[in-house]
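The primary structure of each chain is shown beneath.
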Amino acid sequence: MDRENSQIFSKTEKMKMLYEAKAEDVEFSAAEADLEDIEAQARALEADKRQLHEIMKKV
């Protein structure tokens, strides 16, 4: 992405792009989560950050 054509997106716009790119329907219950569930959720959040970074590079 070159600086001349780059845009600055708001957090809301970035989240919309992430949600559009992420196609999943998963329910999560914090009350019933075990350590593995919590670790998986943390890994998923990190993956979301990486995916959003890739989306931003393409825009």
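Here, every reference points to the structure presented above.
Residues numbered from 1 in each chain as written. Predicted model: local features only at pLDDT ≥ 70, side-chain atom pairs only at ≥ 80, totals over all residues. Heavy atoms only, no water.

Chemist: How do you make sense of the pattern of salt bridges when you look at a structure like this?
Modeler: One side chain can pair with another of opposite charge once the charged atoms of both are near each other. Under the criterion given, the structure shown has 1 salt bridge. Two residues, Glu-46 and Lys-49, come together in a salt bridge whose shortest N-O distance is 3.4 Å. Of the two residues, Glu-46 and Lys-49 both sit in helix H2 (residues 35-58), 3 residues apart, roughly one turn of that helix. The class of Glu-46 is partly exposed, set by a relative accessible area of 40%. Judged by its relative accessible area of 53%, Lys-49 is exposed. (Salt bridge = Lys/Arg side-chain N within 4 Å of Asp/Glu carboxyl O. Helix = DSSP H or I, 4+ residues; strand = E, 2+ residues; numbered from the N terminus. Buried < 20%, exposed > 50% of the residue type's maximum accessible area, 1.4 Å probe, protein only.)

Chemist: Sorry, what's going on with H2 here?
Modeler: Owing to its 3.6 residues per turn, the α-helix aligns residues three or four sequence positions apart on the same side. Between its first and last C-alpha atoms H2 spans 35 Å; for 24 residues at 1.5 Å apiece the expected length is 34 Å, and the two agree. Those residues of H2 lying buried are Asp-48, Leu-52, Ile-55 and Met-56. You can read the cap of H2 off the contacts: a side-chain oxygen lies 3.2 Å from the backbone nitrogen of Glu-36, and it is on Asp-34. (Expected span 1.5 Å × (residues − 1). Polar contact = N/O pair within 3.5 Å; in protein donor to acceptor, adjacent residues only side chain to side chain.)

Chemist: Is there a simple way to think about the environment of His-53 in this case?
Modeler: Relative to the helices and strands, His-53 is located in helix H2. The exposure class of His-53 is partly exposed, given its relative accessible area of 49%. Measuring from C-alpha to C-alpha, the distance between His-53 and Lys-14 comes to 9.5 Å, with 39 residues separating the pair along the chain.

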